[in-house]
Amino acid sequence: MTEHGLNKILVYFNLVSDARRFARELPHTLRLLARTDPGLVPGRDPQVFFAHGEHTPAQRAGIFTAFAAADCAILADSKLIAEGVDIPSVDAIVFADPTRSVIRCVQALAAPCAWTCPARPPP
């Protein structure tokens, strides 16, 4: 994150359980890494969020609002791409699981990019 000046990262997972585990374990992993190899740790602690397709629209809205408001954040996501969800303020997208689906990639890129489209009115 530090090396590339990234503030917000969206990490897509195929399985909800993998996204949940990543969001739960990442803060601990960063703490361990800070002790063992501090040069690899971002200069700040990112807030970590988790969202999936079974969250209610109100739950997702709350998560996305908190993600957008955070100075530095990572959102682990599963099962939302096909739902046409807009995810604001993303600097980078990571596919945690391999994919050969061009459609999945386009949908993943379209959601965060839609927020920066000049023709789109602000939310």
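Not measured: the values here are computed from a predicted model.

Right, let's get into the pattern of salt bridges. A complete count under the given rule lists 2 salt bridges for this structure. Between D18 and R21 there is a salt bridge whose closest N-O contact spans 3.2 Å. You can see D18 and its partner R21 sitting in helix α1 (residues 16-36), 3 residues apart, about one turn around the helix. Look at R21 and you get partly exposed, because its relative accessible area is 36%. For E25, the salt bridge identified is with R24, shortest N-O distance 3.7 Å. The exposure class assigned to R24 is exposed, which follows from its relative accessible area of 54%.

In this model α1 runs 30 Å from its N-terminal to its C-terminal C-alpha over 21 residues, within 8% of the 30 Å that 1.5 Å per residue would give. Along α1, the largest kink reaches about 40° and is centred on E25; proline P27 follows within four residues of it. Residues of α1 that are buried in the fold lie against β1 (8-13), β2 (47-52) and β3 (73-78).

Examined against the element boundaries, F64 turns out to sit in helix α2 (residues 57-69). The exposure class assigned to F64 is buried, which follows from its relative accessible area of 8%.

Okay, the environment of K8 next. Along the chain, K8 falls in strand β1. Sequence spacing of K8 and V48 is 40 residues, and the spatial spacing of their C-alpha atoms is 10.0 Å. Ignoring any residue separated from it by four or fewer positions in sequence, one finds K8 in contact with F67, A68, A69, A70, D71, A73, S89, V90, D91 and A92.

Let's shift gears to the confidence of the model for the protein chain. Confidence in the prediction of the protein chain, expressed as mean pLDDT, is 80, and 76% of residues score 70 or more. Taken as a whole, residues 114-123 scores under 50 in pLDDT and shows 8 contacts with residues more than four places along the chain or in a different chain.

Two strands pair when backbone bridges link them, and β2 and β3 are joined in this way by 6 bridges, in the parallel orientation. Bridge pairing in β3 links H52 to S78. Remark: the β2/α2/β3 crossover connection has right-handed handedness.

All right, on to the packing of aromatic side chains then. Taken as a whole, this structure holds 3 aromatic pairs when the rule is applied. Summarising the aromatic geometry, the rings of Y12 and F95 are spaced 5.7 Å apart at their centres and angled 25° between planes, so their arrangement reads as stacked. Pair noted here: Y12 is in strand β1 and F95 is in strand β4 (residues 92-95), with a separation of 83 residues, a long-range link. With relative accessibility at 27%, the residue F95 sits in the partly exposed group. Both rings, one in F13 and one in F22, keep their centres 5.3 Å apart while their planes meet at 50°; by these two values the pair is tilted. The exposure class assigned to F13 is buried, which follows from its relative accessible area of 8%. Accessibility expressed as a relative area gives 26% for F22, which makes it partly exposed. One Lys or Arg, K8, reaches over the ring of F67 and ends 5.5 Å from the middle of that ring.

Rules used throughout
Residues numbered from 1 in each chain as written. Predicted model: local features only at pLDDT ≥ 70, side-chain atom pairs only at ≥ 80, totals over all residues. Heavy atoms only, no water. Salt bridge = Lys/Arg side-chain N within 4 Å of Asp/Glu carboxyl O. Helix = DSSP H or I, 4+ residues; strand = E, 2+ residues; numbered from the N terminus. Buried < 20%, exposed > 50% of the residue type's maximum accessible area, 1.4 Å probe, protein only. Expected span 1.5 Å × (residues − 1). Bend = angle between axes of the 7 residues up to and from the residue. Contact = heavy atoms within 4.5 Å. pLDDT = per-residue confidence, 0-100. Pairing = 2+ DSSP bridges. Right-handed = clockwise from strand over helix to strand, strands pointing away. Phe/Tyr/Trp six-rings, centres within 6.5 Å; stacked < 30°, edge-to-face > 60°. Lys NZ or Arg CZ within 6 Å of the ring centre and 35° of its normal.

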